[in-house]
Amino acid sequence: MGTELEPNKVARARANLDTAGLADLVDIREGDALETLRDVGGDVDLLLIDGAFTLYLPVLRLVEPRLKPGAVILGENAFEPGYLDYVRNPANGYVSQPLPIDEGRGNEFTLRVA
Ligand SMILES: C[S@@+](CC[C@H](N)C(=O)[O-])C[C@H]1O[C@@H](n2cnc3c(N)ncnc32)[C@H](O)[C@@H]1O
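Residues numbered from 1 in each chain as written. Predicted model: local features only at pLDDT ≥ 70, side-chain atom pairs only at ≥ 80, totals over all residues. Heavy atoms only, no water.

Draft legend 1. Just the domain arrangement of the chain, in detail. Looking at the chain, the domain boundaries give domain 1 (1-31) and domain 2 (42-112). Spacing between the C-alpha centres of domain 1 and domain 2 amounts to 23 Å. (Domains from an automatic or database assignment.)

Written out as structure tokens, the structure is:
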């Protein structure tokens, strides 16, 4: 499942999935992620966050109850201090570190351990 605010990007993603023969396997939700992800419809074992920087932590907190133990969270361009402080604090149920590839891009690799 994926979610995107801009309708033209949603249309392009759906067209690409259709071309690849994967349209019936992927749910692309159009709208504000804080609405579209309220019910993700099941447990989550991989979450890629690559959207508005201020939404990284709110999106994570929204999906958090559905994250399976061992789930991977990839934050691309995860620069927002509130997000990084949260995932790097073991008390919140994560272990997290920056990925040592393409450094400067703020790629954060996080595991759900709770
Ligand atoms: C850096 S782009 C990356 C998108 C995608 N990964 C890509 O490579 O095209 C960030 C995306 O977040 C979307 N976005 C911004 N605010 C959003 C929101 N509240 N809900 C959902 N998507 C949002 C933007 O429309 C934009 O397409």
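Additional details are given in the paragraphs that follow.
Draft legend 2. Up close: the pairing of strand β6 (residues 108-112). In β6, alternate side chains face the same way, and those of Glu108, Thr110 and Arg112 are buried while those of Phe109 and Leu111 on the opposite face are not. Pairing between strand β4 (residues 67-75) and β6: 4 bridges, direction antiparallel. Along β6, the bridge assignment pairs Ile73 with Thr110. Pairing between strand β5 (residues 94-98) and β6: 5 bridges, direction antiparallel. Bridged to Ser96 within β6 is Thr110. (Buried < 20%, exposed > 50% of the residue type's maximum accessible area, 1.4 Å probe, protein only. Helix = DSSP H or I, 4+ residues; strand = E, 2+ residues; numbered from the N terminus. Pairing = 2+ DSSP bridges.)

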